[in-house]
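Structural description and commentary
One letter stands for each residue in the lines below.
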Amino acid sequence: MLTGAKDKEDDNLLGTLLGIIKEDEKPRPATQQPRTMDDLIAKIEADQQQRTRDERTAFDQVASKKSASTESSVQAQLRFCPGANTLQGLECRRRICASVTGKDPACPAM
């Protein structure tokens, strides 16, 4: 009976060892884990620089797009109105936006 328990322990040990070997045979990810603190810091800095470049590219793409409001003739006309804190400015804006209220972003519906 003692040999049966010994065989079962050997099977468990063999299974564990085969599992470990199979883990070692699995393909490693493309990026290796840093082995030293210097490697880790270099990886973090490289990731941060890449993120900064990606953000700058995204901001440049957004900034290069022209919105309907900044390109509309209504917006151009509104730029020539006096300040919005004056009666003349309010009247000028009302007159320009009368026909396009809610249709142009420069003249939202109230």
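Here the structure is shown first, and the text comes after it.
For the structure given in this document, a descriptive report is provided here. (Residues numbered from 1 in each chain as written. Predicted model: local features only at pLDDT ≥ 70, side-chain atom pairs only at ≥ 80, totals over all residues. Heavy atoms only, no water.)

**A closer look at the overall build of the protein chain**
For the protein chain, the helix and strand inventory stands at five helices and zero strands. Secondary structure elements of the protein chain occur, N-terminal to C-terminal, as α-α-α-α-α. Out of the 110 residues in the protein chain, the part that is buried amounts to 13%. Taking the contacts inside the protein chain whose residues are at least 6 apart along the sequence as the reference set, 28% of them involve residues at least 24 apart. Only carbon and sulfur atoms are counted for the fraction: they give 58% of the accessible area of the protein chain, which is about 9700 Å². (Helix = DSSP H or I, 4+ residues; strand = E, 2+ residues; numbered from the N terminus. Buried < 20%, exposed > 50% of the residue type's maximum accessible area, 1.4 Å probe, protein only. Contact = heavy atoms within 4.5 Å. Areas by Shrake-Rupley, 256 points an atom, 1.4 Å probe, with all protein chains shown as cover.)

**Looking at the environment of Thr57**
With respect to the secondary-structure elements, Thr57 resides in helix 2 (residues 37–64). Looking at Thr57, the relative accessible area reads 43%, which means it is partly exposed.

**Details of the pattern of salt bridges**
Applying the stated criterion across every chain yields a total of two salt bridges. A salt bridge links Asp47 to Lys43, with the nearest nitrogen and oxygen atoms 3.2 Å apart. On the criterion of helical spacing, the pair formed by Asp47 and Lys43 is a turn pair, its members being four residues apart in helix 2. Where Arg94 meets Glu91, a salt bridge forms, and the shortest distance between an N and an O atom there is 2.3 Å. Taken together, the residues Arg94 and Glu91, both in helix 5 (residues 87–97) and three residues apart, mark about one turn of the helix. On the basis of relative accessible area, Glu91 is assigned to the partly exposed category, the value being 39%. (Salt bridge = Lys/Arg side-chain N within 4 Å of Asp/Glu carboxyl O.)

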